[in-house]
Amino acid sequence: MAKRESYKTAMSRLEKIVRQIDSDELDIDRLGDKIREANELIAYLSGKLGKVEEEIGKLLDTGPEDSAEK
């Protein structure tokens, strides 16, 4: 997985893997690899979401009066 992969691209890759698993498209030899890849994507996406939530929280904690002082 590319380090600078966008959230949208990573989510698309994860959705594709889920579709492949749901449709029984994968043989048993590839299933383990795809599940590992899906776990990596889930960790990456969760990390990105956590960072965004943190940034939004900081912005919401900073009211208009705080911004004017800076």
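Residues numbered from 1 in each chain as written. Predicted model: local features only at pLDDT ≥ 70, side-chain atom pairs only at ≥ 80, totals over all residues. Heavy atoms only, no water.

Caption draft 1: Layout of the overall build of the protein chain. The number of helices and strands found in the protein chain is three helices and zero strands. Counting all 70 residues of the protein chain, 17% fall into the buried class. Of the contacts made within the protein chain by residues no fewer than 6 positions apart, 68% connect residues no fewer than 24 positions apart. On the protein chain, roughly 5800 Å² of surface is accessible, and the fraction owed to carbon and sulfur atoms is 54%. (Helix = DSSP H or I, 4+ residues; strand = E, 2+ residues; numbered from the N terminus. Buried < 20%, exposed > 50% of the residue type's maximum accessible area, 1.4 Å probe, protein only. Contact = heavy atoms within 4.5 Å. Areas by Shrake-Rupley, 256 points an atom, 1.4 Å probe, with all protein chains shown as cover.)

Caption draft 2: Summary view of the side chain of E5. Position of E5 relative to the elements: it lies in the segment before α1 (7–22). You can call E5 buried: its relative accessible area is 8%. Within the structure, E5 has its side chain in polar contact with the side chain of R13 (distance 3.0 Å). Sequence-distant contacts of E5, defined by excluding residues within four places in its chain, comprise A10, R13, L41, Y44 and K48. (Polar contact = N/O pair within 3.5 Å; in protein donor to acceptor, adjacent residues only side chain to side chain.)

Caption draft 3: Geometry of the confidence of the model for the protein chain. Here the protein chain shows a mean pLDDT of 87. Residues at 70 or above account for 84%. α1 holds the highest mean pLDDT among the elements of the protein chain, 96, whereas helix α3 (residues 64–69) holds the lowest, 55. (pLDDT = per-residue confidence, 0-100.)

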